[in-house]
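Spelled out, the chains give:
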Amino acid sequence: MKQKIQQIKEQFNEEISKISDLVKLAELEIRYLGRKAGELTQILRGLKTVPADQKKEIGQLANQLKQEMVEKIETAKKVIKGQAISSDWLDVTLPGVQWPQGHLHLVTQAISEITEIFEHVGFVRRRYPEVEWDFYAFESLNMPPDHPARDEWETFFIDPKPVGPKGQRVLTPHTSSGQVREMERKHLPIRMINISKCYRRQIDVSHAPMFHQFEGLLIDKDVTIAHLKGTLDYFAKQFFGPDRKARIRPFHFQFTEPSFEVDVSCGLCGGKGCKMCKAGWLELGGAGMVHPNVLKAGGIDPKKYSGFAFGWGVERTYMMKAGLSIPDIRMLYQSDLRFLNQF
Ligand SMILES: [Zn+2]
């Protein structure tokens, strides 16, 4: 019996020294100390049959071994758990953590796209101050003080009264304020695309108090309405798609003569007429031939030079392209990723 206990002890010591995971350790515990069929458990149970003179010695040996085993198993458990925590082992086959990938905001995307389309036909991107003199925002554009046309622009004023020869300061109500500034640079001919923030006292589903406009200005010798029409049609096809068309309708603006409203053919019904359009057309914005008084305000001789201008909202134009998916302009400013991630 003594020999058997010694044998179990050696066998156990050898096996536990090779174990490096908790599952195998639990199996080992069951094999030696399991209540039903553990090897040492059976020895302890068999003590009844041992002759009385050997009982004490063998009982002591067996119980001592049991205690040793329990202690060794506990120690091994701690070692294995500790290794698991401090281990710098890396499973390279596991999929990595995927960080969300962002993209430029829709308005930024639209500005880049519009800029690129006009750059292809020789226009140069310009930016002019967002806090502007009345002179550039209104007066040089053929709208003298108290002219009723100014009422159409619900303007934010910085100064309550004129503070210098160029009047009072305003937040740019439209990108047209860049027209005379560009002319004053005296670099003719002009092919400018001015994209900037504009501010007006308005807010509803299609108007925000701050929005972006883009404004094209071309001044050269012998420029006609045909050039304007061609440019607008080019833009409609590039931005909205090759099957779209642009048309102009007579309108009135102070700073252009003649003036037009620009429409683009409806992409939903293909120009047949539907709920989203007016008889197949969607309104884009204003355009016209630069008024002689505006050329004069910019120091350009209207007898030698002529030109055209057009301008409308970036957000509005983008919403027309996106169609039904952007029903409210304010969604473009809410930074809601559930909405923005769709584009
Ligand atoms: Zn339609």
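Presented here is an overview of the structure given in this document. (Residues numbered from 1 in each chain as written. Predicted model: local features only at pLDDT ≥ 70, side-chain atom pairs only at ≥ 80, totals over all residues. Heavy atoms only, no water.)

1. Some remarks on the coordination of the zinc ion
Argument step 1. Every protein donor of the zinc ion is accounted for by Cys266 (SG), Cys269 (SG), Cys274 (SG) and Cys277 (SG), and the metal-donor separations fall at 2.3 Å.
Argument step 2. Here the zinc ion binds four donor atoms, and the angle range of 104 to 114 degrees at the metal identifies the geometry as tetrahedral.
Argument step 3. Spacing between the donor residues of the zinc ion along the chain follows C-x2-C-x4-C-x2-C.
Argument step 4. Since its relative accessible area comes to 2%, Cys266 is described here as buried.
Argument step 5. Under the relative-accessibility criterion, Cys269 is labelled buried at 13%. (Donors = N, O, S within 2.8 Å, 3.2 Å for Na, K, Ca; no water. Tetrahedral: all angles 85-135°; square planar, octahedral: opposite > 155°, others 65-115°. Buried < 20%, exposed > 50% of the residue type's maximum accessible area, 1.4 Å probe, protein only.)

2. Side note on the packing of helix 1 (residues 2-18) against helix 2 (residues 22-33)
Argument step 1. Relative orientation of the contacting elements helix 1 and helix 2 amounts to 175 degrees, with a least axis distance of 11 Å. Judged by the angle between their axes, helix 1 and helix 2 are roughly antiparallel. When helix 1 is examined against helix 2, the residues Ile8, Gln11, Phe12, Glu15 and Ile16 are found in contact with a partner set consisting of Leu25, Leu28, Arg31 and Tyr32.
Argument step 2. A breakdown of the residues in the contact of helix 1 with helix 2 according to their chemical character gives six nonpolar, one polar and two charged. (Axes fitted to C-alpha atoms, helices over the stretch in contact; angles between N-to-C directions. Helix = DSSP H or I, 4+ residues; strand = E, 2+ residues; numbered from the N terminus. Parallel < 35°, antiparallel > 145°, perpendicular 65-115°, else oblique. Contact = heavy atoms within 4.5 Å. Nonpolar A, V, L, I, M, F, W, Y, C, P; charged D, E, K, R; others polar.)

3. Some words on the sheet that holds strand 4 (residues 190-199)
Argument step 1. Judged by pairing direction, the sheet is mixed, and its seven strands sit side by side in the order 1-4-5-9-8-7-6 without closing on themselves. Edge positions in the open sheet fall to strand 1 (124-126) and strand 6 (246-253), since each of these has one partner strand only. Here the strands of the sheet are splayed against their neighbours by 25 degrees on average, with no regard to which way each runs.
Argument step 2. Taken together, the eight bridges between strand 5 (residues 210-220) and strand 9 (residues 306-313) define a ladder with antiparallel strand orientation. Counterpart to Asp220 in the pairing with strand 9 is Ser306.
Argument step 3. The strands touched by helix 8 (residues 225-240) are strand 5, strand 6, strand 7 (256-265), strand 8 (281-290) and strand 9; relative to strand 9, the strand with the most contacts, the crossing angle is about 30 degrees. (Pairing = 2+ DSSP bridges.)

4. A closer look at the side chain of Glu315
Argument step 1. As for its placement among the helices and strands, Glu315 is situated in helix 10 (residues 314-322).
Argument step 2. Although Glu315 is buried, it forms no salt bridge, and the closest oppositely charged side chain is Lys197 at an N-O distance of 9.3 Å.
Argument step 3. Glu315 has contacts with Val107, Phe211, His212, Ile329, Leu332 and Tyr333, leaving out every residue within four places of it along the chain. (Lys, Arg positive; Asp, Glu negative; His and termini not counted. Salt bridge = Lys/Arg side-chain N within 4 Å of Asp/Glu carboxyl O.)

5. Things to note about the pairing of strand 7
Two faces, one strand: in a regular strand the side chains alternate between the faces of the sheet.
Argument step 1. Most of strand 7 sits out of view: eight of its 10 residues are buried.
Argument step 2. Bridge count for strand 6 against strand 7 is seven bridges, and the pairing is antiparallel. Within strand 7, the position partnered with Arg249 by the bridge is Glu261.
Argument step 3. Hairpin connection of strand 6 to strand 7: two residues between the antiparallel strands.
Argument step 4. In this sheet, strand 8 lies alongside strand 7 in antiparallel orientation, the contact comprising eight bridges. Pairing of Asp263 across the sheet is with Glu283, part of strand 8.

Bear in mind that shape data such as this cannot, by itself, settle questions of function.
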